[in-house]
Amino acid sequence: MGDQRPLRVLIVDDNPADVRLLERRLLAAEGWRIDASICADPNECLGVVRRQMPQLVFVDYRLAGVKGTDLIGELMRMDRLAPYCILLTGHGGEAVVLDALRAGARDYLRKDELDVAAVERALRHFRIETEMAGRLRESQDQFSKLVRLAADGICILQHDRVLFVNDKFCRMMNHSAERLVSQPLEDHFDPAIVARFRENYARRLAGDTTLEDRVEMVVRSGDGDELTLDIGFAVIEQSGEPALMLIARDITQRRQVEAEMQRHRDHLAEMVEARTAELRAAVESAERANAAKDDFLANMSHEIRTPLHGILGFAHLGSQRVQSENLDADKVTHYFNRIHESGEHLLEMLNDLLDLSKMESEQLVYDLSEVDMLELVHQVVDSEEARLNDRRLEVHVRASAGLTTMVSGDPDRLRQVIGNLLSNAIKFSPPGGRIDISLQAEGSGATPGLKLVVADQGSGIPEAEREQVFDKFYQSSVTRDGTGGTGLGLTICRQIVEGHGGRIFAETNDGGGTRLIVLLPRIMGQKLQQGMTGNG
C-alpha cells in the first residue's frame, strides 16, 4: 500500500488450522503489510474490535454457540467502529452468502478455495470499496458544509416529518433545528401550507412532470411574522426511500419593495392623470377665453357702432336743421340729448376697459373713506331715472330697521359697483317690471358686514353659469344675442368688491329673474387698508 502502514486485521475463528492458513495467505499477499490479530471466542469479539479498531474482520460462519452472520450483524450496529467484514465459510451455499450480505458482510471466501489469489482478490475489493467509501464520506462532508452554509434555507421532508434543516432555514423560520426535526409538519406550518406540501410530495413521487419546480408561498415564522418564500422542490433518496427537498429563499423584502414601487407607480400614474386633466382643463379654459374674446370683439364692434351711428346721425340731422334755419328747439334738443347719451355710453365702455386694464396690472386706485351705502344707492337710482322711465320700471329700495349702512371703502368704486348692478337689472328686466334693492346686516361679532341685494324679474342666469358670468368677456347663454353688453361689468364688480375684502355672487330670484348679492365688511382689515391706500 502507498502509505506502508500495516492493515489491521482481526480473524474471528475457533479453528486454529483455518486461522494459521488464513494468516499465511494474508502474509503472502503481494503489496500488503498485515497486522493480524486472532479472536477465537465470539463473545469477546466486540470488545476486541472496540480496543483495536481493526479495519478488516474475517468472521467464520460456524462459531461456537453463534452464527457468524449474527456476529457480523452486531458488528455493523457499532456505527463508526463498524469494520469491513468478510465471511469465511466451508459451505459457500447461496443461502449462506445471501444471509451474510443481508447481515452486512461485504464479501465472502470459501475455505476450500483459500489460496493466495483469492485472498489478494478480496483485499483488492477491500481497497477499492474503502477508497470509494472514503471519497463518498469526503463528498458527504463537503455537501454537509455547503448545505449548512448555504444562503438559502434547505429542508428535507419524508413521511410528513422534517428530517433535516440547515442553519439558514432555522433562522428564517425562527425555530431551532431540534424543534423542527422529526416533528409533524402541522407543528410548524399552517394547514393550507401542509396540504400543499403533501400534494406536491405525492404528485412528484407519482412522476407528475407538470408541476413547477418553484412556487411562491406565504408562511408564518415562529414569532408570528408572515414570510414570502420562493421554494424549489426536488425528489431525492434518503435512507433508501424517496424524500422531498425544499430550497427556500426569503423574498419578503423584495415583494415589499416591489409593492412599494407599484404603489409609487400607481401614484405617479394618478399624478400624471391629474396633471393631464389640469392641462386639458387649462387648454379648454384657454379655448373658452379665446372664444370669449372673439365674442367680446364682436360685441364691442356692435356696442361701439351703435352709439357712433347715433352720434353721427343726430349730429348730421342737427347740422341740417341749423343750415336750413328751420329750427325746432325741441327737435334740436332731442338730437343733442341723443348725441350726449351715445357719447356717455361710449365713455362708459372705454372706462370699463381702462378699469379692467388697471385691475390686471394692479394699478387701480382706491381712495378710502367712510361711505353711506344707502346714500350711494339713492344717488345711482336717481342717475338712472330716465332709463327707468323709458322702460316703465319701478325701483324699491329698503334697508332693515335700525341698520347702520356705513362701510369703509372707495365711494366712487362702490358707486360703480351699484351702477353696474342696477344697469344690468334695467337692461334685462321686462318693461313695466320691478327692481328691488335691499340693504341688510351681515355677520356679527368681530367681523360685522353689510349685504347689498339687487333683484330683477328678467330671464335669469342658468345655474351652471352663475360663476362664469363673473369671468372676463363671458356672457350668459340667454344674452348672447348681443343684448348683454361687453361682458366686463360683473368682472369689474367682482374685482372692486374683492378689493374691499368682500365677495359677490348670483342667485335665482324667488319670483323669477336674478339676485346679485354683495357682501362687504364694515371695517376693512388693517393690512388690506394699507395695501389700498398705498395704491392711492
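Residues numbered from 1 in each chain as written. Predicted model: local features only at pLDDT ≥ 70, side-chain atom pairs only at ≥ 80, totals over all residues. Heavy atoms only, no water.

**Student:** When you look at helix 8 (residues 191-205) in this model, what are you seeing that I'm missing?
**Tutor:** Because each turn of an α-helix spans 3.6 residues, side chains separated by three or four positions in sequence point in the same direction. Helix length check: helix 8 (15 residues) gives 21 Å between terminal C-alpha atoms against 21 Å at 1.5 Å per residue, within 8%. At its buried positions, helix 8 is contacted by strand 8 (153-158), strand 10 (214-220), strand 11 (226-238) and strand 12 (241-250). Where helix 8 ends, the next residue or the one after it, glycine 207, has phi of about 85°, a positive value. (Helix = DSSP H or I, 4+ residues; strand = E, 2+ residues; numbered from the N terminus. Expected span 1.5 Å × (residues − 1). Contact = heavy atoms within 4.5 Å.)

**Student:** Explain the sheet that holds strand 10 to me, please; I cannot follow it from the model alone.
**Tutor:** The strands making up a sheet associate through hydrogen bonds between their backbones, and the pairing can be parallel or antiparallel. On the basis of which strands lie adjacent, the open sheet formed by five strands has the order 9-8-12-11-10 and antiparallel pairing. Because the sheet does not close on itself, it has two edges, and the strands there are strand 9 (161-165) and strand 10. Pairwise comparison of adjacent strand axes, ignoring direction, gives a mean angle of 35° for this sheet. Of the strand pairs in this sheet, strand 8 and strand 9 are connected by four bridges, and their pairing is antiparallel. Counted as the bridge partner of leucine 157 is valine 162 from strand 9. The sheet contacts of helix 8 involve strand 8, strand 10, strand 11 and strand 12, and relative to strand 12 the element is tilted by about 130°. (Pairing = 2+ DSSP bridges. Axes fitted to C-alpha atoms, helices over the stretch in contact; angles between N-to-C directions.)

**Student:** Sorry if this is basic, but what is going on with unusual backbone geometry here?
**Tutor:** The bulk of non-glycine residues show a negative phi, and the bulk of peptide bonds are trans. Backbone geometry places methionine 53, a non-glycine residue, at a positive phi of 45°. Examined against the element boundaries, methionine 53 turns out to sit in the loop between helix 2 (42-52) and strand 3 (56-60). Phi is positive for asparagine 174, close to 55°, though the residue is something other than glycine. Here asparagine 174 shows up in the loop between helix 6 (167-173) and helix 7 (177-180). Given a relative accessible area of 43%, asparagine 174 falls into the partly exposed group. (Buried < 20%, exposed > 50% of the residue type's maximum accessible area, 1.4 Å probe, protein only.)

**Student:** I keep staring at the side chain of arginine 413 and nothing clicks. Help me out?
**Tutor:** Its place among the elements puts arginine 413 in helix 13 (residues 411-428). Within polar-contact distance, the side chain of arginine 413 engages the side chain of glutamine 416 at 2.9 Å. (Polar contact = N/O pair within 3.5 Å; in protein donor to acceptor, adjacent residues only side chain to side chain.)

**Student:** What is the right way to look at the nonpolar core in this model?
**Tutor:** Within soluble globular proteins, side chains that are nonpolar generally end up buried alongside one another. Within the largest apolar cluster, 39 residues are counted, with the highest numbers of intra-cluster contacts made by Met373, Leu421, Ile435, Ile437, Leu452 and Val518. Those elements giving two or more residues to this core turn out to be helix 11 (373-383), helix 13, strand 16 (434-442), strand 17 (449-455), helix 14 (489-499), strand 18 (503-508) and strand 19 (514-521). Once you skip the residues sitting within four places of it in the chain, isoleucine 437 turns out to touch Val377, Val381, Val395, His396, Val397, Arg398, Leu422, Leu452, Val453 and Val454. Core analysis: the second largest hydrophobic core is formed by 25 residues, Met172, Phe197, Leu227 and Leu246 among them. (Core = buried A, V, L, I, M, F, W, Y, C linked by side-chain atoms within 4.5 Å.)

**Student:** Any chance you could explain the side chain of asparagine 420 here in plain terms?
**Tutor:** Assignment of secondary structure puts asparagine 420 in helix 13. The residues touching asparagine 420, leaving out its near neighbours within four places in the chain, are Gly489 and Cys493.

**Student:** What should I look at first to understand the packing of aromatic side chains in this one?
**Tutor:** By convention here, two paired aromatic rings are described through the distance between centres and the angle between planes. Applying the stated rule across the entire model yields two aromatic pairs. Ring plane angle 80° and centroid distance 5.0 Å describe the contact between tyrosine 84 and phenylalanine 126, whose orientation is recorded as edge-to-face. Here tyrosine 84 is found in strand 6 (residues 84-89), whereas its partner phenylalanine 126 is found in helix 5 (residues 116-149), with 42 residues between them in sequence. With respect to class, tyrosine 84 is no different from phenylalanine 126; both count as buried. Three or more aromatic residues joined by ring pairs make a cluster, and in this case those are Trp32, Tyr84 and Phe126. For arginine 494, the ring lying beneath its charged end belongs to phenylalanine 470, and the centroid distance is 4.4 Å. (Phe/Tyr/Trp six-rings, centres within 6.5 Å; stacked < 30°, edge-to-face > 60°. Lys NZ or Arg CZ within 6 Å of the ring centre and 35° of its normal.)

**Student:** Would you mind going over the pairing of strand 1 (residues 7-12) with me for this structure?
**Tutor:** Within a regular strand, side chains alternate between the sheet's two faces. For strand 1, the buried fraction is high: five of the six residues fall into the buried class. Pairing of strand 1 with strand 2 (residues 34-39), which is carried by six bridges, proceeds in the parallel orientation. When the bridges of strand 2 are listed, isoleucine 11 appears paired with isoleucine 38. Regarding topology, helix 1 (residues 16-28) serves as the crossover connection from strand 1 to the parallel strand 2, and that connection is right-handed. (Right-handed = clockwise from strand over helix to strand, strands pointing away.)

**Student:** Could you clarify how one ought to interpret the pattern of salt bridges in this entry?
**Tutor:** Side chains bearing opposite charge may pair, as long as their charged atoms lie close to each other. Per the counting criterion, the structure on display carries 19 salt bridges. Where arginine 434 meets aspartate 436, a salt bridge forms, and the shortest distance between an N and an O atom there is 2.9 Å. Classification of aspartate 436 as partly exposed rests on a relative accessible area of 28%. When the shortest N-O distance is used, the salt bridge between arginine 494 and glutamate 467 registers 2.6 Å. On the criterion of sequence distance, the pair formed by arginine 494 in helix 14 and glutamate 467 in the loop between strand 17 and helix 14 is long-range, its members being 27 residues apart. Residue class for arginine 494 comes out buried when judged on its relative accessible area of 15%. Through salt bridges with shared partners, a single ionic network connects Asp13, Asp18, Asp60 and Lys111. (Salt bridge = Lys/Arg side-chain N within 4 Å of Asp/Glu carboxyl O.)

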